[in-house]
Every structure is written in structure tokens, then in C-alpha cells.
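Observations on the model geometry
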Amino acid sequence: MITIEELYSIFLQHPVVCTDTRKLSFGSLFFALKGDNFNGNKFAVQALQEGAAYAIIDEPQTADERILLVPDVLKAMQDLSTFHRRKLGLPVLAITGSNGKTTTKELTAAVLNRKYATYFTAGNLNNHIGVPLTLLALNKSHELAVVEMGANHQREIAALCEIAEPDFGLITNIGKAHLEGFGGVEGVKKGKGELYACIRERNGLIFIHQDDEVLMEVLKAYSPTVSYGSSSACEYQGRALMKGEFLSVEITVPFQVTIDTQLTGDYNFANVMAAVAIGGHLNVPAAEIKAGIENYAPGNQRSQVIRKGNVSIVMDAYNANPSSMMAALHNFDTAFSGSKIVALGEMRELGEEGPEEHARIAEIAKNMQDAALIFVGPCFEKYAETAGAHYFPDSTAAMTWLKSHLPQECTLLIKGSRGSKMEKLLEAF
């Protein structure tokens, strides 16, 4: 068995980590992870044949000095990432939350990169595999790390914190996401609050959205903190301005600047303010904070505005839960005018609260101004007729209908859980 110290010496010579033989880089370290439907140990020899320098396994097999045996591959990768994080010693900021964590991560990185060499979580690599991969991608050229943490059960954030050992922490919000796994809203509060507990233990700094009563309750008067929001008590104070379909944020304290974002939705106000507060606290000049945020263009189906001829599409379909769904509907109802279509995919992982939450969303959609409704997925079926919505069992059927019924000029909101595959509707264009 190889020790973590010995493995780290090898990692320093081969600092590219891979867990998928289809994405191997020459000279990389292949970690043979196991899952419910795959066993990476079976591909260790193949990985070496295709250019990996070493393969890390936990099931003994062919004798080869390039095959390194450990008790548990996943644990070895996690321990190696923590060891590497400690050796580098650079500051780590952890971000979690029910909604907005990816947008906040990317806004924050856009701000910090104006002054520091900042590495941040790529895409959605925010789980027990993604967090160690993020840490292992760090090197001596980096000055800061922004690590996104996702979870759908209690104790997951605590486990990720043990791996990343963050110096700073931020929870975007606590909403009705992954209710089934967390065991209800109180479970979500406890699970996401594990980040605050970790920061307390490490005597670190928490960035707190002071307008959010739930977050303030979970915070439990911890200090030190840096507060942001719209109230006069905040250290970083601002207000949301909707200029047409895009959000602008006027910062009033501790400096004065107006930031014109490429984001739609006043629900992104807190995400922008978080990036402002983090940047300000870490001495990024106000002009650079403004430039970083204004130059950030959302992608990955998060708060995107897409133009297709005379049709404007608000694409927010990477994921959905009752909290984010209500925010998206409110913004679409108030910030957009003219002919509108609302296409909603069902929300997943809500457990017993699923029917009640889908009924609530259907009622909100029904009362929107001048909007035709499209409901997608079995969870919405029983509420479609009452809401006056066109119902389709899946996004393919909805796309086919939309293709032949799309007005020449309108604004379309597309929102739904990842499993609903609402991006399919774009094929109507």
C-alpha cells in the first residue's frame, strides 16, 4: 500500500488527475473510482496503455510498478487533495446554497481575477468527487481558490469542508431544494448550515446576506463576518435596479458605483452583492469590481437571455426548485412586457411535498399577466387544466407543439429541473 505522502511525491511529478479513461491526458494519474454502475479498477491497465503515468486502484490486479494500491481510491483522492491544499496554503473560499451558488461562484471569480490569480470550480464539479478534483487542479501560480459545494443530504457539506478546509464561507440562501434528501426545509437549514459550523471551527470569516432572516438565524451571531444587502446596517449596501430585462445594481456603501449586469432577474441582486462584498473585503478596487461583474456573461442555462429573431428567451433551465421557480416567475411577470410564454418543467427531489409545491407554482403561473402557459412532466399534469396551461408529458412533445404555435414576436421563459430537459425547447427555433 502506498502512503499519501508517497502518492503526493508522484502527484508533484504528474499533477494532472483523471477519473475517466475517455478523457485521459498523457502522463496523468488515473484514479480508478467505483460507482453503482462502474468499476474503474477494470480500466487501470487500459489507462496505462493509453498514456496514464500511474493508475491508483483498490482491488489488487496485474503486477506493475505503475499500478498503485490504496485501501480506498475515493478516500485516497480526497486525502491527497487536502494534503495538496495544505501544502499550497492559499486562501480558500467555499460557496454553497439552495439557489445561485454557481452564479455567485462565477461572479466572485470574475471579480477576484481582476487582481488575483484565482482558480474556481469548473462547471458543476461541486460534490465529493468534484471538490477534490478542484483542489488538485490548484498550483503555485494561483493566489486564491473559490470552491463551490453542493449537497442533497445532511453531512455532505460537512464532509466537503473537511476536504477543502475553507478559510472563508458563504451561503447564498436556504430554500426548498432537495427536500426529499434533506428531510424538509429544516433539514436543508441544518445541512447548508454545516458550512457556517465549519468556518466557526476554523475561526474563519463568513460573508452574510444580512437581508436574509433565515441565514441570520442559522448564523447565530457569529463573528467575524462581512455583511451585504440592501439594509442600512450592511457593510456592503446596494439596491437592485431593473433596466428593461437586465439587472443593474447601485452600490451606495462603502463606495458608490452602478453595475450594469448581463443577468436577468432581481433575484440575482444577492449574488451580485456577494461578489461585491468579497471583492471589496479582499481589496479589489471598486472600478475593477464593476468591470469584473459587467463583463460576466451567464451561461449553462442560468439567467441567460437568448435572441432568436424577434423572440427573446429567458433560459433558466439548468435546475429548479420551488424557491427559484417563484423568483423566476415573479421576475418574468414584472420585468418583461408584451406577448409572453411560460414553459415550466417539473421540479424533482421534493418528496412528499411535491404535489403541494407544484400546485402552488401552477397557481402563481395562472395569475401572471398576458402569459400563455406550457407545463411539462407528470407532476404538473393534474394542475394544467385549472391553470389554463398546455400540458405535455415531456420536453420533446412540448418542443414539437411550440415549433408550430410560436408567435412571430414574444418573450419565452424556460424553467425546470435538470431532469426535465427543458433545453429541448430551443430546438423549436
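**As for the overall build of the chain**
A count of helices and strands for the chain gives 16 helices and 19 strands. For 429 residues, the compact-globule estimate of 2.2 N^0.38 gives 22 Å, and the chain sits close to it at 23 Å. The principal-axis extents of the C-alpha atoms in the chain amount to approximately 70 × 50 × 40 Å. The 429 residues of the chain split such that 55% are buried. Of the contacts made within the chain by residues no fewer than 6 positions apart, 62% connect residues no fewer than 24 positions apart. When the accessible surface of the chain is summed, it comes to about 18300 Å², and 48% of that surface belongs to carbon and sulfur atoms. Side-chain charges in the chain split into 38 positive and 49 negative, and the spacing between the mean points of these groups amounts to 2 Å.

**Structural notes on the sheet that holds strand E2 (residues 29-31)**
One key point about sheets: their strands pair by backbone hydrogen bonds, in either a parallel or an antiparallel sense. Ordered by their spatial adjacency, four strands build an open sheet running E1-E2-E3-E4, and the pairing between neighbours is parallel. Each having just a single partner strand, strand E1 (17-18) and strand E4 (67-69) make up the two edges of the open sheet. In terms of strand pairing, E2 meets strand E3 (residues 54-57) through three bridges, oriented parallel. Of the residues in E3, the one forming a bridge with phenylalanine 31 is isoleucine 56.

**Section: the nonpolar core**
With 35 residues, the main nonpolar core has Phe207, Val276 and Ile293 as its most contacted residues. In terms of residues, this core owes the most to one element, helix H11 (residues 269-281), which gives eight residues. Excluding its chain neighbours within four sequence positions, the residues that come into contact with isoleucine 293 are Leu107, Val111, Ile259, Thr261, Val272, Ala275 and Val276. Counting 29 residues, the second-largest nonpolar core is a separate cluster that includes Leu138, Ile157, Leu160 and Val218.

**Focus on the environment of serine 232**
Mapping serine 232 onto the fold places it in the loop between strand E10 (225-229) and strand E11 (236-243). For serine 232 and leucine 170, which are 62 residues apart along the polypeptide, the C-alpha to C-alpha distance reads 20 Å.

**Section: the pairing of strand E12 (residues 246-253)**
Where E11 and E12 come together, seven bridges link them in antiparallel fashion. Its bridge partner being in E12, methionine 242 is matched across the sheet by leucine 247. Turn length for the E11-E12 hairpin, with the two strands adjacent in sequence and antiparallel, is two residues, and the turn residue glycine 244 shows positive phi of about 70 degrees. Inspection of the sheet shows E12 paired to strand E13 (residues 257-260) by four bridges, in the antiparallel sense. Residue pairing for E13: glutamate 250 is matched across the bridge by threonine 258. Taking the residues that link successive antiparallel strands as the turn, the E12-E13 hairpin has three residues.

**Notes on helix H9 (residues 194-201)**
Within the sequence span of H9, burial applies to Glu194, Leu195, Tyr196, Cys198 and Ile199. In this structure, the buried residues of H9 make contact with strand E5 (92-96), helix H6 (156-164), strand E8 (168-171), helix H8 (185-192), strand E9 (205-209) and helix H10 (213-219). Backbone geometry just after H9 places asparagine 203 at a positive phi near 55 degrees.

**Details of the pattern of salt bridges**
Under the defined criterion, the tally for this structure stands at 22 salt bridges. Salt-bridge contacts for lysine 34 lead to glutamate 59; the nearest nitrogen and oxygen are separated by 3.4 Å. Separated by 25 residues along the polypeptide, lysine 34 in the loop between E2 and helix H2 (44-49) and glutamate 59 in the loop between E3 and E4 bring together distant segments of the chain. Look at lysine 34 and you get partly exposed, because its relative accessible area is 43%. Taking relative accessible area as the criterion, glutamate 59 reaches 31% and is therefore assigned partly exposed. Of the charged contacts, one joins arginine 86 and glutamate 165 as a salt bridge, the two residues approaching to 2.6 Å between their closest N and O atoms. Highlighted residues: arginine 86 in helix H3 (residues 73-88) and glutamate 165 in the loop between H6 and E8, separated in sequence by 79 residues. One continuous salt-bridge network, built from bridges that share partners, spans Lys34, Asp58 and Glu59.

Cut-off values and rules
- Residues numbered from 1 in each chain as written.
- Predicted model: local features only at pLDDT ≥ 70, side-chain atom pairs only at ≥ 80, totals over all residues.
- Heavy atoms only, no water.
- Helix = DSSP H or I, 4+ residues; strand = E, 2+ residues; numbered from the N terminus.
- Rg over C-alpha atoms; globule rule 2.2 N^0.38 Å.
- Buried < 20%, exposed > 50% of the residue type's maximum accessible area, 1.4 Å probe, protein only.
- Contact = heavy atoms within 4.5 Å.
- Areas by Shrake-Rupley, 256 points an atom, 1.4 Å probe, with all protein chains shown as cover.
- Lys, Arg positive; Asp, Glu negative; His and termini not counted.
- Charge placed at Lys NZ, Arg CZ, Asp CG, Glu CD.
- Pairing = 2+ DSSP bridges.
- Core = buried A, V, L, I, M, F, W, Y, C linked by side-chain atoms within 4.5 Å.
- Salt bridge = Lys/Arg side-chain N within 4 Å of Asp/Glu carboxyl O.

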